[in-house]
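Remarks on the overall topology
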Amino acid sequence: MDTDLMQVLYLSEIYKLLGDKTRLTIMALLQVQSFCVRDLVEILQTSQPSVSQHLAKLKTHGLVKEKRKGPWVYYSLNTECPPVIRQILQHLPDVSPIVKVKQDAAAHSLR
């Protein structure tokens with residue numbers, strides 16, 4: 001198969017993958033810090049199976065990686081992703097205020 005055609009097919013898959021608002025939001029959140037599924041469920045206000053499926057798709061395409069810490073699995077961006085992915089991520093809005101609100105709420109509940 002022609003290299004250019006393979007690139008078009010790859011980009012088509014990536015754009016379909018990131019065309020989902022939940023997966024794109026997860027990618028934006030993971031630019032701020034690593035999260036476990038439980039945290040993403042809370043932030044996104046969706047179900048655990050839904051978040052897990054989205055993360056599995058992102059992981060299958062090599063966009064996220066996971067790291068086990070005790071009983072928890074934390075997901076982060078794969079820093080070795082192709083340049084096209086990094087370019088897309090540069091255009092995502094800064095969601096760090098959302099993360100800060102979540103962290104502040106968690107700290108407040110520990111008091």
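Here's a quick rundown of the structure. (Residues numbered from 1 in each chain as written. Predicted model: local features only at pLDDT ≥ 70, side-chain atom pairs only at ≥ 80, totals over all residues. Heavy atoms only, no water.)

1. Considering the side chain of Lys102
Examined against the element boundaries, Lys102 turns out to sit in helix 6 (residues 96–109). Residue classification places Lys102 among the buried positions, given a relative accessible area of 16%. At 3.5 Å, the side chain of Lys102 and the side chain of Asp39 are in polar contact. Here Lys102 is in contact with Phe35, Asp39, Glu42 and Ile43, once residues within four sequence places are set aside. (Helix = DSSP H or I, 4+ residues; strand = E, 2+ residues; numbered from the N terminus. Buried < 20%, exposed > 50% of the residue type's maximum accessible area, 1.4 Å probe, protein only. Polar contact = N/O pair within 3.5 Å; in protein donor to acceptor, adjacent residues only side chain to side chain. Contact = heavy atoms within 4.5 Å.)

2. Digging into the pattern of salt bridges
Scanning the entire structure with this criterion turns up four salt bridges. When the shortest N-O distance is used, the salt bridge between Asp39 and Arg38 registers 3.6 Å. One salt-bridge network, in which partners are shared between bridges, spans Arg38, Asp39 and Lys102. (Salt bridge = Lys/Arg side-chain N within 4 Å of Asp/Glu carboxyl O.)

3. Focus on the packing of aromatic side chains
On inspection of all chains with the given rule, the structure shows zero aromatic pairs. Sitting above the plane of the Trp72 ring, Arg38 keeps its charged end 4.5 Å from the centroid. Above the face of the Tyr74 ring, Lys69 is positioned so that its terminal group lies 5.2 Å from the ring centre. (Phe/Tyr/Trp six-rings, centres within 6.5 Å; stacked < 30°, edge-to-face > 60°. Lys NZ or Arg CZ within 6 Å of the ring centre and 35° of its normal.)

4. Focus on the sheet that holds strand 1 (residues 35–36)
Pairing is antiparallel across the open sheet formed by three strands, whose spatial order is 1-3-2. In this open sheet, the two edge strands, each paired with only one partner strand, are strand 1 and strand 2 (64–69). Alignment of strand 2 against strand 3 (residues 72–77), held across six bridges, turns out to be antiparallel. When the bridges of strand 3 are listed, Glu66 appears paired with Tyr75. (Pairing = 2+ DSSP bridges.)

5. What about helix 2 (residues 21–32)?
Here helix 2 is 12 residues long and its end C-alpha atoms lie 17 Å apart, about the 16 Å a rise of 1.5 Å per residue gives. The opening residue of helix 2, the one whose side-chain oxygen lies 2.9 Å from the backbone nitrogen of Thr22, is Asp20. (Expected span 1.5 Å × (residues − 1).)

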